[in-house]
Amino acid sequence: MSSITLKGVSKIFEDGYKAVDSFSMTIPDKEFIVLVGPSGCGKSTTLRMIAGLETVSEGEIYIADRLVNNIQPKDRDIAMVFQSYALYPDKTVYKNIAFSLERRKMPKNEIARRVHEAAKILHIEHLLDRKPKALSGGQRQRVALGRAIVRNPAVFLFDEPLSNLDAKLRTQMRTEIALLHKRLGTTFIYVTHDQTEAMTMGDKIVVMDGGVVQQADTPENLYNNPKNAFVASFIGSPGMNFLEGTVEKGKSSLVALIGGDAVPTKKDSEALRSKQGQNVKIGIRPEDISLEGTVAPLKGILKVQENLGSEAYIYIEYQNTMLTAKAPHITHKQSGEEITFYINGDKMHFFDADSGENLS
């Protein structure tokens, strides 16, 4: 079993800066967890505390029910894959992958078996005699993965491993790492600032900001039911649109009032009703803004259109705010012209203007 439990884990540096604040979570055996958030949110520090590369200021970390706060990294049964690959330039791919096993004085035939097995999984068998300078970025990352695989660790830790790759290769490596997780059946903890990586790879995603866990949930729930405005803004590409408005009681449902416009919504909750007449932050995903409809037409100014082939992004100035709409194709209108659009009121999210908590 390779479950991991963090109980009230905090990291406070010598200057008093609290990088991680009371992180508590149990990560089940064989789960793929992604820590995501902006730079400086504490995700890499959390990973490094699990690895033993940073000391824990407060709280406890357990790996497979064993308290590891004071256990050296080499004795924690983990393997870590870094952003920088950290390969030995003077050693062949074979020697790089085999290095940790050779240090343990493992029998040569067992080392060879493990290296060739890892190389086969990663499709780098033909590269074993090359040195890192003769490899592409993607090939180097596979070597780094191979070095981790041969150790048969209880837990794999990934610290932004794809950051140095180009966009196409990152997409390919995302898929390969996800398939690797299924094949190995081991616990993966993956750190990234890229929410697309997080959404496509993790069984569960932990969104962090300011050293605090904002929400830990499935990708679907994070997207459809964000706990607060920060999570709503961070998850999704393009990001969620935000407008200022109020909520009032309509004839048959609540109504969102945005300036002089009214958009009916089926969203309803005790928290939302308690905010009637008060300012709230209204969130709407780009795919929930349409250029066709019949209910509550809104007027804005078309600013820019981006044709992506299979879809288009339409940027509309409305109520002194730039909105992004995701449409099947660009419109026939020109920049600067008035454009009619429709917001799906039933898909709106309502957030407290002060705390940012989701009211709906």
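Calculation notes
- Residues numbered from 1 in each chain as written.
- Predicted model: local features only at pLDDT ≥ 70, side-chain atom pairs only at ≥ 80, totals over all residues.
- Heavy atoms only, no water.
- Core = buried A, V, L, I, M, F, W, Y, C linked by side-chain atoms within 4.5 Å.
- Buried < 20%, exposed > 50% of the residue type's maximum accessible area, 1.4 Å probe, protein only.
- Helix = DSSP H or I, 4+ residues; strand = E, 2+ residues; numbered from the N terminus.
- Contact = heavy atoms within 4.5 Å.
- Pairing = 2+ DSSP bridges.
- Axes fitted to C-alpha atoms, helices over the stretch in contact; angles between N-to-C directions.
- Salt bridge = Lys/Arg side-chain N within 4 Å of Asp/Glu carboxyl O.

Enquirer: Mind showing me how you'd approach the nonpolar core here?
Expert: One recurring pattern in soluble globular proteins is that nonpolar side chains are buried together. Among the nonpolar cores identified, the biggest contains 46 residues, and Ile97, Ile124, Leu145, Phe158, Ile177 and Tyr190 are the most heavily contacted of them. In terms of residues, this core owes the most to one element, helix H3 (residues 108-122), which gives six residues. With near-sequence residues (within four places) excluded, isoleucine 177 lies in contact with Phe32, Leu145, Phe158, Leu162, Phe188, Tyr190 and Met201.

Enquirer: Please explain the sheet that holds strand S11 (residues 241-249) as it appears in this structure.
Expert: Strand pairing in a sheet relies on backbone hydrogen bonds, with the paired strands running either antiparallel or parallel. As summarised here, the arrangement of the five strands in space is S13-S12-S11-S14-S20, forming an open sheet in which the pairing is antiparallel. Each end of this open sheet is capped by a strand with a single partner; those strands are strand S13 (261-265) and strand S20 (349-352). Between one strand and the next, the sheet's axes are offset by a mean angle of 45 degrees, whatever the strand orientation. By the bridge criterion, four bridges tie strand S14 (residues 279-284) to S20 in an arrangement that is antiparallel. Paired with isoleucine 282 across the strands is phenylalanine 350, a residue of S20.

Enquirer: Which parts of the structure should I look at to understand the sheet that holds strand S4 (residues 58-63)?
Expert: Taken together, four strands build an open sheet; the order of strands is S2-S1-S4-S5 and the sheet is antiparallel. Edge strands, defined here as strands with exactly one partner in the open sheet, are strand S2 (18-27) and strand S5 (66-67). Alignment of strand S1 (residues 4-12) against S2, held across six bridges, turns out to be antiparallel. Bridge assignment links lysine 11 to a residue of S2, and that residue is valine 20.

Enquirer: Help me understand the side chain of threonine 246 in this model?
Expert: With respect to the helices, strands and loops of the structure, threonine 246 is situated in strand S11. Sequence-distant contacts of threonine 246, that is, excluding residues within four places in its chain, are made with Val255, Ala256, Leu257, Gly277, Gln278, Asn279 and Val280.

Enquirer: Teacher, can you tell me more about the environment of glutamine 83 here?
Expert: Following the sequence through the fold, glutamine 83 ends up in the loop between strand S6 (78-81) and helix H2 (93-103). Note on glutamine 83: relative accessible area 34%, which makes it partly exposed. With 187 residues separating them along the chain, glutamine 83 and glutamate 270 place their C-alpha atoms 46 Å apart. Ignoring sequence-local partners within four residues, the contact set of glutamine 83 consists of Asp159, Glu160, Pro161, Ser163 and Asn164.

Enquirer: I keep staring at the pattern of salt bridges and nothing clicks. Help me out?
Expert: Two side chains that carry opposite charge are able to pair once their charged atoms sit near each other. One pass over the full model with this rule turns up 14 salt bridges. Among the salt bridges present, the one from lysine 11 reaches glutamate 54, with a minimum N-O distance of 3.6 Å. With lysine 11 in strand S1 and glutamate 54 in the loop between helix H1 (43-51) and S4, the pair connects residues that are 43 residues apart, well separated along the chain. The buried category is assigned to lysine 11, whose relative accessible area is 6%. Aspartate 75 is paired through a salt bridge with lysine 74; the nearest N and O atoms lie 3.3 Å apart. Residue lysine 74 is classed as exposed on the basis of its relative accessible area of 65%. Where salt bridges share partners, they join Glu110, Arg113, Arg114 and Glu117 into one cluster.

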